[in-house]
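Per-entry structural report
Okay, here's what each chain looks like letter by letter:
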Amino acid sequence: MNPSSPSSALTPPGAGRFATRSGATHLLGLEGLPREQILAILDDAERDLARLQKDRSPTDELRLVTVVIAMFEDSTRTRVSFQIAAKRLGATVSTFSSHGLSLSKGETLRDTLRIFEANGADVVVVRHASPGAAAYLAEQIDSAVVNAGDGMHEHPTQGLLDLMTLRQAWGGSFAGRRIAIVGDIAHSRVARSAIFGLATVGVAVTLAGPATLMPAEVERLGGTVAATVDEAMEGADAVMALRIQRERMEGGLLPSFAEYARVWGIDAARVRRMKPDAVVLHPGPVNRGVELAPDVADGERSVILDQVANGVAVRCAVLRRSAGALAREAA
Ligand code: ASP
Ligand code: CP
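Residues numbered from 1 in each chain as written. Chains lettered and ligands numbered in written order. Predicted model: local features only at pLDDT ≥ 70, side-chain atom pairs only at ≥ 80, totals over all residues. Heavy atoms only, no water.

This part is about the pairing of strand β7 (residues 178-182). In summary, the side chains of a regular strand alternate between the two faces of the sheet. Burial analysis of β7 places four of its five residues in the buried class, which makes it a mostly covered element. Pairing analysis gives five bridges linking β7 to strand β8 (residues 204-208), with the strands arranged parallel. Its bridge partner lying in β8, I179 is registered against V205. Taken together, β7, helix α6 (residues 189-201) and β8 form a β-α-β motif whose crossover is right-handed. (Buried < 20%, exposed > 50% of the residue type's maximum accessible area, 1.4 Å probe, protein only. Helix = DSSP H or I, 4+ residues; strand = E, 2+ residues; numbered from the N terminus. Pairing = 2+ DSSP bridges. Right-handed = clockwise from strand over helix to strand, strands pointing away.)

Written out as structure tokens, the structure is:
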């Protein structure tokens, strides 16, 4: 597979995706990740959150572990929260973005990644514009790989923090709940990870968005497709709005942002269609006034900042899981 090709095949589910190397565990996606593993990560993250709310001083759990955070695509939340999580657990952390690397001098991605390995990285957190890039990396190097978003494929730690936020909002249980996921589903790795994770824990999903932004594989992904945002949100327990991914569009898929906001944007009237205690999620960054009206983004039903705070806790739990035996040795 060539991860520099945008048409790279998506990683198929199957044996080896969660394989351990040297006692370490990859996290390449939520597709196929067993329910008990998802729940164990969420429970672990809740413990991290409780501890961090009381005491932010670092532990030494990951003192034997080197974490490299390699961002080949822009990021604010994911980059910062992985850095903070690794430091809270006492790891050695190094963060790179594609700007400033010797890739610009013609070095290949594979050779770049092997530099990280040669520097002793036990866990490599990677974001890349190509679907399948994290799986490619996992095949190339002997470190645990955590996918921080690979093109339109998956963003598993985002999916986990979304599940954590929903379980908190729903009083600790997923039973009998339904969420509407609205917007640019075709280009959204957030939607894919959420759909896989939600199905695994038994949450019903209704998808809504412009036909041009619905993936061809929508039936394989799962969930019910609604014709309108109002239909999707009627009686729902939560809504997740997705950013319009302009950077992944060839053009011509949307008439205009103003038209999108009118037909698919979530405003206060649409929020009132949901259950009285339903919550509003968005992975960020938000195009204010497009996917979400500003008063909804900042309103009392919004749990967007809880998602960000839960991101640190989820990433603590994932780094601990990925470090495997090295974390246990330090204990
Ligand atoms: N930040 C998320 C991602 O990187 C969502 C987005 O950018 O719309 O996938
Ligand atoms: N939600 C998310 O992944 O945000 P960033 O792109 O800012 O990391």
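Don't stop here, the text continues.
On to the UniProt feature "binding site: carbamoyl phosphate" (unreviewed entry) in the chain. The positions UniProt marks with the feature "binding site: carbamoyl phosphate" (unreviewed entry) are R77, T78, R127, H155, Q158, G284 and P285. By the element assignment, R127 lies in strand β5 (residues 123-128). Beyond its immediate sequence surroundings of up to four residues, R127 is in contact with A70, M71, F72, E73, D74, S75, T78, A148, G149, H155 and R189. A polar side-chain atom of R127 sits 2.8 Å from the main-chain carbonyl oxygen of A148. Among the structural elements, Q158 can be located in helix α5 (residues 156-169). (UniProt positions renumbered as here; feature names shortened; annotations may be inferred. Contact = heavy atoms within 4.5 Å. Polar contact = N/O pair within 3.5 Å; in protein donor to acceptor, adjacent residues only side chain to side chain.)

Moving on, we come to the environment of S94. Note on placement: S94 falls in strand β4 (residues 92-97). Look at S94 and you get partly exposed, because its relative accessible area is 27%.

This brings us to the site of ligand 2. As a matter of local geometry, ligand 2 sits amid S75, T76, R77, T78, R127, H155, Q158, P283 and G284. Between Q158 and ligand 2, the recorded distance is 3.0 Å, taken from a side-chain N or O atom to a nitrogen atom. G284 is positioned such that a nitrogen or oxygen atom in its backbone is 3.3 Å from a nitrogen atom of ligand 2. Taking 250 Å² as the accessible area of ligand 2 by itself, protein coverage stands at 91%. Grouping the constituent residues of the shell around ligand 2 by class yields one nonpolar, six polar and two charged. (Near = heavy atom within 4 Å. Areas by Shrake-Rupley, 256 points an atom, 1.4 Å probe, with all protein chains shown as cover. Nonpolar A, V, L, I, M, F, W, Y, C, P; charged D, E, K, R; others polar.)

Helical periodicity: at 3.6 residues per turn, an α-helix aligns residues three or four positions apart in one direction. Between its terminal C-alpha atoms α6 stretches 19 Å, which fits the 18 Å expected from 13 residues at 1.5 Å a residue. Counting buried positions along α6 yields eleven of 13 residues, so the element is predominantly enclosed. Inspection of α6 places R189, V190, A191, R192, S193, A194, I195, F196, G197, L198 and V201 among the buried residues, and these make up the whole buried set. Its side-chain oxygen 3.3 Å from the backbone nitrogen of V190, S188 forms the N-cap of α6. Directly beyond the C-terminal end of α6, a positive phi value near 90 degrees is found at G202. (Expected span 1.5 Å × (residues − 1).)

Attention now moves to the UniProt feature "binding site: L-aspartate" (unreviewed entry) in the chain. Taking the UniProt record as the reference, the feature "binding site: L-aspartate" (unreviewed entry) is found at K105, R189 and R243. These annotated residues cover 139 residues of sequence, and their C-alpha atoms reach 33.0 Å apart at the extremes, leaving them scattered rather than at a single site. By relative accessible area, R189 is classed as buried at 7%. At 3.3 Å, the side chain of R189 forms a polar contact with the backbone oxygen of G151. Structurally, R243 is set in the loop between β10 (238-241) and α9 (257-264). Look at R243 and you get buried, because its relative accessible area is 17%. Residues in contact with R243, not counting those within four places in the same chain, are D184, H282, P285, N287 and E291.

We now examine the sheet that holds strand β6 (residues 144-150). Taken in spatial order, the four strands make up an open sheet running β4-β3-β5-β6, and their pairing is parallel. Because the sheet does not close on itself, it has two edges, and the strands there are β4 and β6. Across the sheet, the axes of successive neighbouring strands diverge by a mean angle of 15 degrees, strand direction being ignored. Sheet analysis places strand β3 (residues 66-71) next to β4, joined by six bridges and oriented parallel. In the strand pairing of β4, V67 is matched with V93. Across the sheet, helix α4 (residues 133-140) touches β5 and β6, and the angle it forms with β6 is around 160 degrees. Relative to β5, helix α12 (residues 304-323) is tilted by about 125 degrees, and along the sheet it contacts β3, β5 and β6. (Axes fitted to C-alpha atoms, helices over the stretch in contact; angles between N-to-C directions.)

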